[in-house]
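# A look at the structure
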Amino acid sequence: MIQQKKYPFLDLADANAPYMDELREAAARVVSSGRYVGGAECELFEKELAAATGTKYAVGVSNGLDALRLILRAYIEMGEMRSGDEVIVPANTYVASVLAISDAGLKPVMVDADIETLNIDTSLLRRAVTPRTRAIMTVHLYGRVAWDDELEAVAREIGLKVIEDNAQAIGARYRGRMTGSLGDAAAFSFYPTKNIGALGDAGAVTTSDERLAATVRALANYGSDRRYHNIYKGFNCRLDPMQAAVLRVKLPHIDEESRRRRELAAIYLKNVQSTPALTMPLLPADPEEHVFHQFVVLAANRASLEEYLKANGIGYDIHYATPPHRQPCYAAEFAGMAFPVTDVIASRCLSLPITRTTSTADAEAIAAILADYKG
Ligand SMILES: *Cc1c(COP(=O)(O)O)cnc(C)c1O
């Protein structure tokens, strides 16, 4: 018999349950519309996402990886980048950020992480720049904004594009501005586990650059700017209207979703102090800079923490045990390069339950159990 976890890490069916009536209605609307690719649901979702993000344009696409690929391919088609040009990317990211750069024929240049923010260490940016650097891909990992004055200064002084991988941070704000509107272009993922999740794969690109938006849109639709007229050797990377309709139900709840995640984080942070065995995350000065896609602690001995959590029925996950530069597909390319902080994070990180399906009482119980962890 499989033992049920007392405190599940994430239950997607439970997370979607409050939206059941609206989701049924949205699905029925798509079925009776007779329009199963493109159409009104996609156009309305794009308008609503652009408005929510504070950008001029949003283009719905098939998933987050494709959103990143399309942005880079569009810059190549626009003559802004050429094969072999370099794109700076944090070493501590989900592999998709790096895959998109490789796929476009560009060269990923990794920059190590900051042990406090777990995001790119912007003090290392300048020394990663070469004459071939064209862009910085910043990743708001775990829902924490990866943006500061130094990143802005480097991009401006050298004339680099800034692409946000916003797959994990929809709804976060930096000095009142939404992630997804901070750089030149941004990629969103609506993978079911993300803070706003579709019922399948989905993604989007946001930008206020009209030409970039038009190029991404054409590339995602076989490279055609109008029917049967192909100006690029493109792809089929479209968002489908069923997912657009689902996302239109959930998008208006983004601030409520972020607030609940911050409340749960506050319970953990209030009740559990950092010890040599367990490091709790630090909050940014402005709480709006964090939407806690994940609540990541660092354990000096992760195997022992895992045993302890299992014994206490607490669900957890690990994001990510193997960083991109150590994946088999990248090991040769990055051999001899050291990203020591990223390696430390990969060996110690552990994610605790942080979705709306965790009740306040459950979060308090989890915190009490963690506070007793001695390592
Ligand atoms: C999920 C994710 C992606 C990829 O999104 P998909 O929709 O799964 O393709 C890219 N980057 C980061 C940081 C992610 O978390």
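For the structure given in this document, a descriptive report is provided here. (Residues numbered from 1 in each chain as written. Predicted model: local features only at pLDDT ≥ 70, side-chain atom pairs only at ≥ 80, totals over all residues. Heavy atoms only, no water.)

What follows is about the side chain of Ser-62. Topologically, Ser-62 is positioned in the loop between strand S1 (57–61) and helix H4 (64–77). Of the polar contacts made by the side chain of Ser-62, one reaches the side chain of Asp-66; its length is 2.6 Å. Once residues within four sequence positions are removed from consideration, Ser-62 is found in contact with Asp-201, Ala-202, Gly-203, Cys-237, Arg-238 and Leu-239. (Helix = DSSP H or I, 4+ residues; strand = E, 2+ residues; numbered from the N terminus. Polar contact = N/O pair within 3.5 Å; in protein donor to acceptor, adjacent residues only side chain to side chain. Contact = heavy atoms within 4.5 Å.)

With respect to spatial proximity, the complete set of residues near the ligand consists of Asn-63, Gly-64, Leu-65, Tyr-94, Ala-96, Val-139, Asp-165, Ala-167, Gln-168, Ser-189, Tyr-191 and Lys-194. In the environment of the ligand, an oxygen atom lies 2.9 Å from a nitrogen or oxygen atom belonging to the backbone of Leu-65. Take Gln-168: an N or O atom from its side chain is 2.7 Å from an oxygen atom of the ligand. With the chains in place, 91% of the 380 Å² that the ligand exposes on its own is no longer accessible. (Near = heavy atom within 4 Å. Areas by Shrake-Rupley, 256 points an atom, 1.4 Å probe, with all protein chains shown as cover.)

Another aspect to go through is the pairing of S1. Among the five residues of S1, four are classified as buried, and the element is accordingly described as predominantly covered. Pairing between S1 and strand S9 (residues 203–207): five bridges, direction antiparallel. Of the residues in S9, the one forming a bridge with Gly-60 is Ala-204. (Buried < 20%, exposed > 50% of the residue type's maximum accessible area, 1.4 Å probe, protein only. Pairing = 2+ DSSP bridges.)

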